[in-house]
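So you can see what is in the structure, the chains are spelled out below.
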Amino acid sequence: MDSLYVKLFVVALLGGTGVMGKTNVFDRKMLDYIYNSTYDRSHIIANWTGWGNSSSTSDPCLDKWHGIACVEEGSVHYVSEINLPSHELFSLPEDIQGMKYLTTLIVSENDIKRSGFPMGVFAMQTLEHLDISNMYVLNLTLPTKLEMPKLRDFYGSRSRINGLFPISWDTPNLENLVLNDNELIGYLPSDLGKSINLKQLFLQNNKLYRNFPPEYGNLHQLVNLSLVQSFQSQYRGLCSSIPSTWETMFSLEYISICTFGHLPDYIGNSWQQLREFIIVGGEYVGNISESLCNLNLLERLDFSYCQFIGEIPGCIFSIPNLVYLDLSHNDLSGPIPDAIGNAKNLERLSLASNRLNGSLPKSIGQLSSLTSISLEDNSLIGEIPSEFDALRSNGHSLTVYLSYNMISSIGSGLEQFFTYIYGEYNGNPFQCPLPTYVRSATCSMCNTGAKHNSCEECVSAGCGWCSYGPNCVEGTHQGPDNRYTCPEDYWSFQTCRQG
């Protein structure tokens, strides 16, 4: 009899459950609160296996309630995981910090507001995985200092998280920090450079500013980095030169940033794992570095709107895995390299809105994987080569944009190409008459017959000679009617220029 009293006394001490092995009372209380903080459970009740049953026969840990995992300590079970995304929750218990074995809290895509989110979550010393993403009404401000020594994953994108970005980060085990598409302001703290296990850092589309911290060079395991701020808010303050210390980011596979100055020469040699390199809204001084050609794993290169000058390095097209290349809206000049034909895996190419000149390379016809090519708004001359017809055999749809250049003729054998390939060719001074199968372009009545071949034959009322091309196009003494058809220095009207 005495031994029975002893056993009951011991059980009473073990979490206060009264029955050996059951979930401790405090954790059970927190789960009951969560269940009662749910909108309209009628249509999702089937997914809440075990929940809502206060009977002593139903236990969160022993009966494996939906979304709950537990650990056992001294014959008492403690809740270690709460995984309840998309469960129409509107509140979490204020005392949730007291769940001393909780390592995982996933409550993404719920309807929790600021008033229903306990700030004690950010002081939980046991928490390893926190997901509060896609909660559009959360409207939460983070603490200025985070001390979460075991935190590995913090997902909070698209949850209207606002206020100052935390300045102090005591998160030595942090691997994934994903807080993109929020309303955070402030600057990137150098403290994050101490989280040397960081693999993903997504902070794009906030309102952050100032420079890139040199201390992030300590993030040798960083794989994905995205820091571009929102264009919609016209807030592009987080834009600076790439620090020299970032040379040691050896694991980078994806980077999307706003930056300016010169691209460091070390990129081609140190970022050998890079697969996507995106610069948005940069302001560069100088040429595109040939060192980028050493990035043999590169699949996507987007340097649009970056003010690069000079010629396109031909070796870019020898990067074996390149599938996407966008160098549009820069100040690039010179001819398109013949080496473009080496890019056998290239699917999308845009060199639009530069100052590229010369003829269209015949080797473009060798791009067997191409689905889109944009070369509009340049100074390309001559004909659309017959070799373009080979693009029809790619086995997939293709779009071709060649508008607003100085192209004047159509190569032979392209009837099927123009019939089955979608293209835009307007704004070019094509010779008249155009083949009937060319429907998306018009020809210049001045650029007909002998007028196309001779300035003396060309210059007349309404027609002027462009020695770059050459072409005979509509215009006046002030220049061509269409500014795309001739550079000012090459224009002759009424009198042919000498030399």
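Preceding this paragraph is the structure being described.
What you see is a predicted model, and the numbers here were worked out from it, not measured in a lab.

## Topic: helix 2 (residues 25-35)
Reasoning step 1: Those residues of helix 2 that fall on the buried side of the exposure criterion are D27, R28, M30, L31, I34 and Y35. Each buried residue of helix 2 lies within a common arc of 160° when the element is viewed along its axis, so the set occupies one face.
Reasoning step 2: Summarising the contacts, the buried residues of helix 2 are in contact with strand 1 (68-73) and strand 2 (76-83).
Reasoning step 3: You can read the cap of helix 2 off the contacts: a side-chain oxygen lies 3.1 Å from the backbone nitrogen of F26, and it is on N24.

## Describing the sheet that holds strand 32 (residues 471-476)
Reasoning step 1: Taken together, the four strands give an open sheet; going across it, the order is 33-32-31-34, and neighbouring strands pair in antiparallel fashion. The open sheet has two edge strands, strand 33 (479-480) and strand 34 (491-493), and neither has a second partner.
Reasoning step 2: Sheet analysis places strand 31 (residues 463-466) next to strand 34, joined by three bridges and oriented antiparallel. From the neighbouring strand, C466 faces strand 34, where its bridge partner is W491.

## Looking at the side chain of H452
Reasoning step 1: With respect to the helices and strands, the residue H452 is situated in the loop between strand 30 (443-448) and helix 5 (455-458).
Reasoning step 2: Since its relative accessible area comes to 11%, H452 is described here as buried.
Reasoning step 3: Within the local environment of H452, its side chain forms a polar contact with the side chain of Q431, the two groups lying 3.3 Å apart.
Reasoning step 4: In contact with H452, not counting residues within four places along its chain, are S408, Q431, N447, W465, P470, N471 and C472.

## Notes on the sheet that holds strand 12 (residues 207-209)
Sheets are built from strands paired through backbone hydrogen bonds, the pairs being either parallel or antiparallel.
Reasoning step 1: Here three strands make up an open sheet; going across it, the order is 7-10-12 and the pairing parallel. Each having just a single partner strand, strand 7 (162-164) and strand 12 make up the two edges of the open sheet. Each strand of the sheet is rotated relative to its neighbour by a mean of 10°, with strand direction disregarded.
Reasoning step 2: One ladder, built from three bridges, connects strand 10 (residues 183-187) with strand 12; its direction is parallel.

## Regarding the environment of K22
Reasoning step 1: For K22, the location among the structural elements is in the loop between helix 1 (2-13) and helix 2.
Reasoning step 2: We classify K22 as buried; its relative accessible area is 17%.
Reasoning step 3: Between the alpha carbons of K22 and H77 there is a distance of 5.8 Å; along the sequence they are 55 residues apart.

Calculation notes
Residues numbered from 1 in each chain as written. Predicted model: local features only at pLDDT ≥ 70, side-chain atom pairs only at ≥ 80, totals over all residues. Heavy atoms only, no water. Buried < 20%, exposed > 50% of the residue type's maximum accessible area, 1.4 Å probe, protein only. Helix = DSSP H or I, 4+ residues; strand = E, 2+ residues; numbered from the N terminus. Arc of directions from axis to C-beta. Contact = heavy atoms within 4.5 Å. Polar contact = N/O pair within 3.5 Å; in protein donor to acceptor, adjacent residues only side chain to side chain. Pairing = 2+ DSSP bridges. Axes fitted to C-alpha atoms, helices over the stretch in contact; angles between N-to-C directions.

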